[in-house]
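Descriptive analysis of the structure
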Amino acid sequence: MIWIVVAIAVVLVLGVLGAMALGTRRSKRLREGFGPEYDRVVERHGDQRAAEADLQRRRNRRRGLDIRPLQPEARDAYADRWMQAQRRFVDAPAAAVAEADGLVAEVMRERGYPVDDFGRRTEDLSVDHPETVEHYRAAHAISMASAAQHADTEDLRSAMVHYRALFDDLLEDTKHLEESI
């Protein structure tokens, strides 16, 4: 009888240790996969378990999207349009920032990302582009301030730099996409 109790206790202890190891491994994979976005989401939720559930939900939703690389011709055309927006910045900085915002959304749409809701866009981008999604948030905030006439030229220059970081990332080949999901 005592051996049965000991055996059950050992099985329970091993089960708990196994579950802890799986949780640690999952946390490590999410931290490595999401980079700085992991810490931002944990801080926002105030709870590691809730944050990890959120990140896993994002990853699962992203798996259902048909994200594809741009064709070389499209990539070249977008790069040309970006150069035009940058040149326009000299004479019309606010218009150039608005154009950059629209251009990023166009590239995202063509790549297969849903673009209807900004919050959803950033969540979906965070799966594939965790290092640059914060650039998008910063650029978008400045763009919104600009639309309300609350951004100066230096702010607008900063927005262009932020948009450029994401834009370049979106134009790259997407061989890393399969690794991130």
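In the block above lies the structure referred to throughout.
First, a word on what this report is: a plain description of the structure on this page. (Residues numbered from 1 in each chain as written. Predicted model: local features only at pLDDT ≥ 70, side-chain atom pairs only at ≥ 80, totals over all residues. Heavy atoms only, no water.)

Description of the overall build of the chain
- Counting its secondary structure elements, the chain contains 9 helices and 0 strands.
- Ordered by position in the sequence, the α and β elements of the chain form the string α-α-α-α-α-α-α-α-α.
- Buried positions account for 38% of the 181 residues belonging to the chain.
- Long-range pairs, those at least 24 residues apart, make up 66% of the contacts in the chain with a sequence separation of at least 6.
- As displayed, the chain offers around 10,400 Å² of accessible surface, 58% of which is attributable to carbon and sulfur atoms. (Helix = DSSP H or I, 4+ residues; strand = E, 2+ residues; numbered from the N terminus. Buried < 20%, exposed > 50% of the residue type's maximum accessible area, 1.4 Å probe, protein only. Contact = heavy atoms within 4.5 Å. Areas by Shrake-Rupley, 256 points an atom, 1.4 Å probe, with all protein chains shown as cover.)

Brief notes about the pattern of salt bridges
- This model, assessed by the stated rule, comprises 20 salt bridges.
- Across the pair Arg-40 and Glu-37 runs a salt bridge whose closest N-O atoms are separated by 3.1 Å. Placement of the pair is Arg-40 and Glu-37 together in helix α2 (residues 36-45), with a separation of 3 residues, close to one helical turn.
- You can call Arg-40 partly exposed: its relative accessible area is 26%.
- By relative accessible area, Glu-37 is classed as buried at 2%.
- In this structure, the salt-bridge partner of Arg-81 is Glu-106, at a minimum N-O distance of 2.7 Å. A residue pair is termed long-range when its members are at least 10 positions apart, and Arg-81 in helix α4 (residues 72-89) and Glu-106 in helix α5 (residues 93-111) qualify at 25 residues. (Salt bridge = Lys/Arg side-chain N within 4 Å of Asp/Glu carboxyl O.)

Here we look at the packing of helix α6 (residues 118-128) against helix α7 (residues 133-147)
- Interhelical geometry of α6 versus α7 gives an angle of 160° and a closest axis separation of 9 Å. Judged on the interaxial angle alone, α7 and α6 are roughly antiparallel. Helix-helix and strand crossings are classified by hand; for α6 and α7 the assignment is right-handed. Contacts between α6 and α7 pair Phe-118, Arg-121, Thr-122, Leu-125 and Ser-126 from the former with Val-133, Tyr-136, Arg-137 and His-140 from the latter.
- In the contact of α6 with α7, the residues fall into 4 nonpolar, 3 polar and 2 charged. (Axes fitted to C-alpha atoms, helices over the stretch in contact; angles between N-to-C directions. Parallel < 35°, antiparallel > 145°, perpendicular 65-115°, else oblique. Left-handed = near helix turned anticlockwise from the far one by under 90°. Nonpolar A, V, L, I, M, F, W, Y, C, P; charged D, E, K, R; others polar.)

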